[in-house]
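The residues making up each chain are set out below.
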Amino acid sequence: GWVLTRDIANMFYVFVFLLIAFGTMLKSEEYNWKKLLPRLVLTALMVNFSRLIIGILIDFSQVVMLTFVNGYSAAAGGNFASIFQINNLLTYSKDNCAGQSGIDQNQVFVGALLALALVVVSLITVAVILAVLALRVVMLWILTILSPIAFLAGTFPQGQKYYTQLWEEFK
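Residues numbered from 1 in each chain as written. Predicted model: local features only at pLDDT ≥ 70, side-chain atom pairs only at ≥ 80, totals over all residues. Heavy atoms only, no water.

### Some remarks on the overall build of the protein chain
Our working definition: Each helix is a run of DSSP H or I of at least 4 residues and each strand a run of E of at least 2, with the numbering of both proceeding from the N terminus. Burial status follows relative accessibility: with a 1.4 Å probe on protein chains alone, a residue under 20% of its type maximum counts as buried, one over 50% as exposed, and anything between as partly exposed. Residue contacts follow a heavy-atom distance rule, with two residues in contact if any of their heavy atoms lie within 4.5 Å. Each accessible area value is a Shrake-Rupley result obtained with a 1.4 Å probe; residue values ignore everything except the protein chains displayed when judging cover.
Within the protein chain, the secondary structure is distributed over eight helices and zero strands. Of all 171 residues assigned to the protein chain, the portion counted as buried reaches 22%. For the protein chain, the proportion of contacts with a sequence separation of at least 24, taken over those separated by at least 6, is 70%. Surface accessibility of the protein chain: about 11,800 Å² in total, with carbon and sulfur atoms responsible for 72%.

Following this line, the structure appears as structure tokens:
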């Protein structure tokens, strides 16, 4: 998809040159060649290297994201079970609890329900994180594919809002 949008954006540069020519002939300040030609050259470079530019930004954000994901993975799974002592709670049985510190079968059942609640909360948290990461990947694909058009729009004074909107989405 990116190659197609890049090629379409490159085709529109012919129209941009015509617009600059007519703007210069009609002495329009917004479309004068002195004002738009440097921006045109810059955006033409950005259109053709947009996948590289966006890829560098994505790789940088990926390093930051993996720092937090690795921190979570170190605490996830078995570590949550040991923090909340779910393993010890689930190993109690009627025979083990009968003579020790007044723990009866009802308390073991309530403890097992609380352990189940903690596991459910952990599963919901992991599911939400997974959904956010999947949505992030899809949005990055869409932004990468549409980036040549946004860079092309940055050439025009009226298209600056779309150009800045692309960068706002990356924040």
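### What about the nonpolar core?
If you look at soluble globular proteins, the nonpolar side chains tend to sit buried side by side. To keep things clear, this is the line we draw: Residues grouped as a nonpolar core are buried Ala, Val, Leu, Ile, Met, Phe, Trp, Tyr and Cys residues, joined through side-chain atoms within 4.5 Å.
Tyr13, Val16, Val47, Phe151 and Leu152 are the most contacted members of the largest nonpolar core, which totals 14 residues. Those elements that provide at least two residues to this core are helix H1 (2-25), helix H2 (33-48), helix H7 (105-153) and helix H8 (160-170). Excluding anything up to four places from it in sequence, Leu152 contacts Ala9, Phe12, Tyr13, Val16 and Val47.

### A closer look at H7
Each full turn of the α-helix corresponds to 3.6 residues, which orients residues three or four apart in the same direction. Here is the rule we go by: Between the first and last residue of a helix there are one fewer steps than residues, each counted as 1.5 Å, and that sum is the expected span. A residue's bend is given by the angle between axes fitted to the 7 residues ending at it and the 7 residues starting at it.
If you check H7, its first and last C-alpha atoms are 70 Å apart, about what 49 residues at 1.5 Å a residue would give, namely 72 Å. The largest bend in H7 is about 50°, located at Ser147, with the proline Pro148 one to four residues further on. Looking only at H7, the buried set comprises Val108, Gly111, Ala115, Leu140, Leu143, Thr144, Ser147, Pro148, Ala150, Phe151, Leu152 and Ala153.

### Describing the confidence of the model for the protein chain
As a reminder of what qualifies: Along the chain, pLDDT gives the predictor's confidence residue by residue, from 0 to 100.
When pLDDT is averaged along the protein chain, the result is 76; 78% of the residues meet or exceed 70. The spread of mean pLDDT over the elements of the protein chain runs between helix H6 (residues 94-97), the lowest at 55, and H7, the highest at 83.

### Section: the packing of aromatic side chains
Pairs of aromatic rings are described using the distance from one ring centre to the other and the angle between the two planes. Note the threshold: Pairing of aromatic side chains here covers Phe, Tyr and the six-membered ring of Trp, requires ring centres within 6.5 Å, and sorts the geometry by plane angle: under 30 degrees stacked, over 60 edge-to-face, intermediate tilted.
A full pass over the atoms with the stated rule returns one aromatic pair. Both rings, one in Phe12 and one in Phe15, keep their centres 5.7 Å apart while their planes meet at 50°; by these two values the pair is tilted. Of this pair, Phe12 and Phe15 both sit in helix H1, three residues apart, which is roughly one turn of that helix. Relative accessible area serves as the criterion here: at 53%, Phe15 is assigned to the exposed category.

### A closer look at H1
Here H1 contains 24 residues, and its C-alpha end-to-end distance of 35 Å stays within 8% of the 34 Å for a straight helix at 1.5 Å per residue. Within the span of H1, buried status applies to Trp2, Thr5, Ala9, Tyr13, Val16, Ile20 and Gly23. Just downstream of H1, Lys27 is the residue with a positive phi angle, here 55°.

### Examining the packing of H7 against H8
Inclusion rule: Angular values range over 0 to 180 degrees, each being the angle between N-to-C directions of two axes fitted as lines to C-alpha atoms, with helices fitted over their stretch in contact. For classification, angles of less than 35 degrees are called roughly parallel, those exceeding 145 degrees roughly antiparallel, those between 65 and 115 degrees roughly perpendicular, and all remaining angles oblique. Rotating anticlockwise by less than a right angle from the far helix to the near helix defines a left-handed crossing, while the corresponding clockwise rotation defines a right-handed one. We call Asp, Glu, Lys and Arg charged. Ala, Val, Leu, Ile, Met, Phe, Trp, Tyr, Cys and Pro are nonpolar, and the rest, Gly among them, are polar.
Look at H7 against H8: their axes get within 9 Å of each other, and the N-to-C directions meet at 155°. Classified by the angle between their axes, H7 and H8 sit roughly antiparallel to one another. When you trace H7 past H8, the crossing you get is left-handed. Within the contact between the two elements, H7 uses Met139, Leu140, Leu143, Ser147, Ala150, Phe151 and Ala153 and H8 uses Gln160, Tyr162, Tyr163, Leu166, Trp167, Glu169 and Phe170. Grouping the amino acids of the contact of H7 with H8 by side-chain chemistry returns 11 nonpolar, two polar and one charged.

### So, the side chain of Ser50
One can find Ser50 in helix H3 (residues 50-75). Those residues within four positions of Ser50 in sequence are excluded, and the remaining contacts are Trp2, Ser147, Pro148 and Phe151.

### A look at the packing of H1 against H7
With their axes 7 Å apart at the nearest point, H1 and H7 run at an angle of 10° to one another. Judged by the inter-axis angle, H1 sits roughly parallel to H7. Listed contacts from H7 to Trp2, Thr5, Arg6, Ala9, Phe12, Tyr13 and Val16 of H1 are Thr144, Ile145, Ser147, Pro148, Ile149 and Leu152. Here the contact of H1 with H7 is composed, by residue class, of nine nonpolar, three polar and one charged.

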